Amino acid sequence: MNYQKKTVVASVAGLTLEGMDIMFISFAMSMIIGQFHIGMATGGLISSITNIGMLFGGMIFGILADKFGRVKVFTYTIILFAIGTALTGLATNIEQIYIFRFIAGLGAGGEYGIGMTLVAEAWPKNKQGRASSYVSVGAQFGVILAALLSAIILPAWGWRGLFFIGVIPVIFAFIVRKNLDESPEWLQSKKVKKNIDKQGKLKQLFANRKTAATTIALAIMATVQIAGYNGLMIWLPSMLQQSQGLSVSGSALWTISTAVGMIVGMLTFGQFMDRLGMKRTYGIFLLASAVAVFFYSYASGSTGVLIGGAIVGFFSNGMFAGYGALISYYYPIEIRSTATNTIFNFGRALGGLSPILVGFILEHANVTTAMSYLAVLYCISFMAMLSLKKGQSERKSKTVNELSEAV
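In this text, all values refer to a predicted model and were calculated from it rather than measured experimentally.

Participant: Looking at this model, I keep getting lost on the overall build of the protein chain. Mind explaining?
Facilitator: When its secondary structure is counted, the protein chain shows 17 helices and zero strands. In the protein chain, buried positions account for 60% of the 407 residues. In the protein chain, of all internal contacts separated by at least 6 residues, the share reaching a separation of at least 24 is 84%. For the protein chain, the computed accessible surface area is about 15,800 Å², with 68% contributed by carbon and sulfur atoms.

Encoded structure:
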């Protein structure tokens, strides 16, 4: 297996475990709410606190990865993520769950951006869309795995049993550390003295007016992406259990159907991005997401719910595949991991508040109002995408191929 494929495999495995863990909260939510006697909005805060942890973890580990190496820091984030997940199963009150989910978020926030940066630096520009989509599919493998495990474990061992599986990433961390070499692009940049002073500095994301505008626009897009995903995946299983009379296994079937739509959407998005360009591809998927989410609120019957969920997943989360390549494209190598982690995890932290708002809407309004809110968010992201200008994304670092030729 060559280096390019190794980066994809490592990042896919990391996102699979992360996606599995995030969806554990969704399937365990009703049990946690019942055991600790809390409301829906308070339950939604679990996911929000996890995403706040991701923001801090993204910034901290992104800076460390730019300074000390992608692979080394990548393994530490996975270990921290596994510890926080396993501890969640030992929580005796909601406050402890908040603390342990914050710890898991620290690790998960660092893992995502570093993995995406590794892939972006290993693959040539004209194939980064596809490579990023392969990695992003890993999160949906995690969703499917979580659905299957939840259907088996929850009835037999309860919600705590799900989180004890969190020790598995520790094994993966050691495998990664042993078999994956450091990014050649990062190693080359360490030899350039002028790059060292700029590595891992947050202020470089706002170095000038154009860079600041790009950072803000990308942060808005990332926020909407996470807000839409969390708003759909955290509450819809519970909503379907109530409105459509679905059992836990029935809502798991919906989750699998939606995840399959997401996987196909991601793979399609990656192909479109490499062929049509970033802005055109995002434009198509953002507008289609707004329409699909709005009309999904009128779906009825098991067939309509399953097909509609797959369509919504195709467009709304198909875009997730492009963020690694999109953010990496706009920043030079010395701050690339910092940028990817900070921007996307800022979106996770702010967009992570969406479950609280959606929970509030569901308590005081209806499903149509909640879905309309999500549709408006995609329109806002579309406007932010339009503000990204051609020519302001000049890469300041060489590609892997160029470095190889230079050597």
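Once the structure has been displayed, the description carries forward.
Participant: Just to check I follow, could you spell out the pattern of salt bridges for this structure?
Facilitator: Side-chain pairs of opposite charge can arise whenever the charged atoms involved come near each other. Inspection of every chain in the model, using the stated rule, returns four salt bridges. Note that Arg-70 is salt-bridged to Asp-66, the shortest N-O span being 2.5 Å. With respect to class, Arg-70 is no different from Asp-66; both count as buried. In this structure, Glu-121 engages Arg-336 in a salt bridge whose closest nitrogen and oxygen atoms are separated by 3.4 Å. In this pair, Glu-121 is assigned in helix H4 (residues 94-122) and Arg-336 in helix H14 (residues 336-351), connecting sequence segments 215 residues apart. Since its relative accessible area comes to 0%, Arg-336 is described here as buried. Ionic contacts of the salt-bridge type, sharing partners, join the residues Asp-66, Arg-70, Glu-121 and Arg-336 into one network.

Participant: Teacher, can you tell me more about a positive patch on the surface here?
Facilitator: A cluster of basic residues, Lys-67, Lys-190, Lys-201 and Lys-203, forms a positive patch at the surface. By the secondary structure assignment, Lys-203 is in the loop between helix H8 (193-196) and helix H9 (209-243).

Participant: What exactly am I supposed to notice about the nonpolar core here?
Facilitator: Grouped burial of nonpolar side chains is what soluble globular proteins tend to show. If you look at the biggest cluster of nonpolar residues, it comprises 117 residues, and the most contacted ones within it are Tyr-282 and Tyr-331. Here the element with the most residues in this core is helix H1 (residues 3-36); it accounts for 16 residues.

Participant: Explain empty space enclosed by the protein to me, please; I cannot follow it from the model alone.
Facilitator: Here the idea is plain: a probe the size of a water molecule rolls over the atoms and shows the empty space left. According to the stated counting rule, one finds four cavities of 30 Å³ or more in the structure shown. In this structure, the largest cavity spans a volume of roughly 240 Å³. Lining the largest cavity we find 18 residues, and of these Glu-18, Ile-22, Tyr-229, Asn-230 and Arg-348 sit closest to its centre. Looking at the lining of the largest cavity, the elements with two or more residues in it are H1, helix H2 (40-68), helix H5 (128-163) and H9. In terms of residue count, the dominant contributor to the lining of the largest cavity is H1 (five residues). Here the residues of the lining of the largest cavity sort into eight nonpolar, seven polar and three charged. Taken as a whole, the second largest cavity spans an internal volume of roughly 40 Å³. Around the second largest cavity sit Gly-14, Leu-17, Glu-18, Ile-78, Phe-81, Ala-108, Glu-111, Pro-169 and Phe-172, which together line it.

Participant: Even after reading the chapter, I still don't get helix H15 (residues 354-364), so can you show me in this structure?
Facilitator: Each turn of an α-helix holds 3.6 residues, which means side chains three or four residues apart point in the same direction. Every buried residue belonging to H15 is among Ser-354, Pro-355, Val-358, Gly-359, Ile-361 and Leu-362, and all of these are buried. Down the axis, H15 shows its buried residues gathered within 160 degrees of arc, on one side only.

Participant: Can you help me understand the confidence of the model for the protein chain in this one?
Facilitator: Where the model shows low pLDDT, its predicted coordinates should not be examined in detail. Across the protein chain, the average pLDDT comes to 80, with 88% of residues at 70 or higher. Here helix H17 (residues 400-406) is the element of the protein chain with the lowest mean pLDDT, 38, and helix H11 (residues 278-296) is the one with the highest, 91. In the model, residues 391-407 has pLDDT below 50 throughout and makes 25 contacts with residues more than four positions away in sequence or in other chains.

Participant: What exactly am I supposed to notice about the environment of Ser-354 here?
Facilitator: Here Ser-354 lies in helix H15. Linking Ser-354 and Gly-228, residues 126 residues apart in sequence, is a C-alpha distance of 7.7 Å. A polar side-chain atom of Ser-354 sits 3.3 Å from a polar atom in the side chain of Tyr-373.

Participant: Could you clarify how one ought to interpret the packing of H1 against helix H3 (residues 70-88) in this entry?
Facilitator: The N-to-C vectors of H1 and H3 enclose an angle of 20 degrees; their axes lie 12 Å apart at closest approach. Classified by the interaxial angle, the pair formed by H1 and H3 is roughly parallel. Two packed elements cross with a definite hand, and for H1 against H3 that hand is left-handed. Facing Ala-10, Leu-17, Glu-18 and Asp-21 of H1, the residues of H3 in contact are Phe-74, Phe-81 and Thr-85.

Participant: Just checking my understanding: could you explain unusual backbone geometry for this structure?
Facilitator: Backbone phi values are negative for most residues with the exception of glycine, while trans is the configuration of most peptide bonds. The backbone of His-37 sits at a positive phi, close to 55 degrees, despite the residue not being glycine. Judged by relative accessible area, His-37 falls into the exposed class, the value being 72%.

Participant: Would you mind showing me how to read a nonpolar patch on the surface here?
Facilitator: Where nonpolar side chains cluster on the molecular surface, the patch consists of Phe-206, Ile-216, Ile-220, Val-376 and Ile-380 and spans about 440 Å² of accessible area. If you list the elements that add at least two residues to the nonpolar patch, you get H9 and helix H16 (367-386). By the element assignment, Ile-220 lies in helix H9. You can call Ile-220 partly exposed: its relative accessible area is 33%.

Participant: What's the story with the packing of aromatic side chains in this structure? I'm lost.
Facilitator: Aromatic ring pairs are described here by two measures, namely the spacing of the ring centres and the angle between the planes. With the rule as written, the count across this model stands at 15 aromatic pairs. Ring geometry for Phe-320 against Phe-344: centres 5.5 Å apart, planes inclined by 75 degrees, an arrangement best described as edge-to-face. Here Phe-320, found in the loop between helix H12 (301-316) and helix H13 (323-329), pairs with Phe-344, found in helix H14; they are 24 residues apart in sequence, far enough to count as distant. Assigned by exposure class, Phe-320 and Phe-344 land together as buried. An aromatic cluster of at least three residues, connected via ring pairs, comprises Phe-269, Phe-272, Tyr-282, Phe-285, Phe-314, Phe-315, Phe-320, Tyr-323 and Phe-344.

Conventions adopted
- Residue numbers run consecutively from 1 along every chain, following the written order of its sequence.
- Local features in this predicted model are restricted to residues of pLDDT 70 or higher, and side-chain atom pairs are both shown and tallied only at a pLDDT of 80 or more, whereas totals for entire chains, interfaces and linings draw on every residue.
- Side-chain descriptors were evaluated using all non-hydrogen atoms of the structure, hydrogens and water having been removed beforehand.
- Secondary structure counts use DSSP, requiring at least four H or I residues in a row for a helix and at least two E residues in a row for a strand, with both numbered from the N terminus.
- Burial status follows relative accessibility: with a 1.4 Å probe on protein chains alone, a residue under 20% of its type maximum counts as buried, one over 50% as exposed, and anything between as partly exposed.
- The criterion used for residue contact is that any of the two residues' heavy atoms lie within 4.5 Å.
- Methods summary: accessible areas were calculated by the Shrake-Rupley approach with a probe of 1.4 Å, and residue burial reflects only the protein chains presented.
- Here a salt bridge means any side-chain nitrogen of Lys or Arg lying within 4 Å of a carboxyl oxygen belonging to Asp or Glu.
- Think of a patch as exposed residues, more than 30% relative accessible area, with no salt bridge, where like charges cluster within 9 Å and nonpolar side chains (Val, Leu, Ile, Met, Phe, Trp, Tyr) cluster within 5 Å.
- Positive: Lys, Arg. Negative: Asp, Glu. His and the chain ends are not part of the count.
- In this description, the location of a charge corresponds to atom NZ of lysine, CZ of arginine, CG of aspartate or CD of glutamate.
- Among buried residues, the Ala, Val, Leu, Ile, Met, Phe, Trp, Tyr and Cys ones that are joined through side-chain atoms within 4.5 Å form a nonpolar core.
- A pocket, in this scheme, is an open set of points on a 1 Å grid over the protein atoms alone with protein on both sides within 12 Å along at least 5 of 7 lines, while a cavity is a set where a 1.4 Å probe fits but cannot get out; residues line either one if an atom lies within 4 Å of a point.
- Grid points are joined across faces, edges and corners, and a volume is the space filled by probe spheres set on the points.
- Under the scheme applied here, ten amino acids are nonpolar (Ala, Val, Leu, Ile, Met, Phe, Trp, Tyr, Cys and Pro), four are charged (Asp, Glu, Lys and Arg), and all others, including Gly, are polar.
- Here the arc refers to the directions that run from the helix axis out to each C-beta atom.
- Confidence per residue, as judged by the predictor, is encoded in pLDDT with a range of 0 to 100.
- Whenever two N or O atoms come within 3.5 Å, that pair is a polar contact, provided that in protein one can donate a hydrogen and the other can accept it, and provided that, for residues adjacent in sequence, both atoms are side-chain atoms.
- Lines fitted to C-alpha atoms define the axes, with helix axes restricted to the stretch in contact, and inter-axis angles between N-to-C directions lie between 0 and 180 degrees.
- Our angle categories are set so that under 35 degrees counts as roughly parallel, over 145 as roughly antiparallel, 65 to 115 as roughly perpendicular, and the remainder as oblique.
- Should the near helix be turned anticlockwise from the far one by less than a right angle, the crossing is termed left-handed; should it be turned clockwise, right-handed.
- When the centres of two rings from Phe, Tyr and Trp lie within 6.5 Å, Trp using its six-membered ring, the rings pair. Their planes under 30 degrees apart give stacked, over 60 give edge-to-face, and anything left gives tilted.

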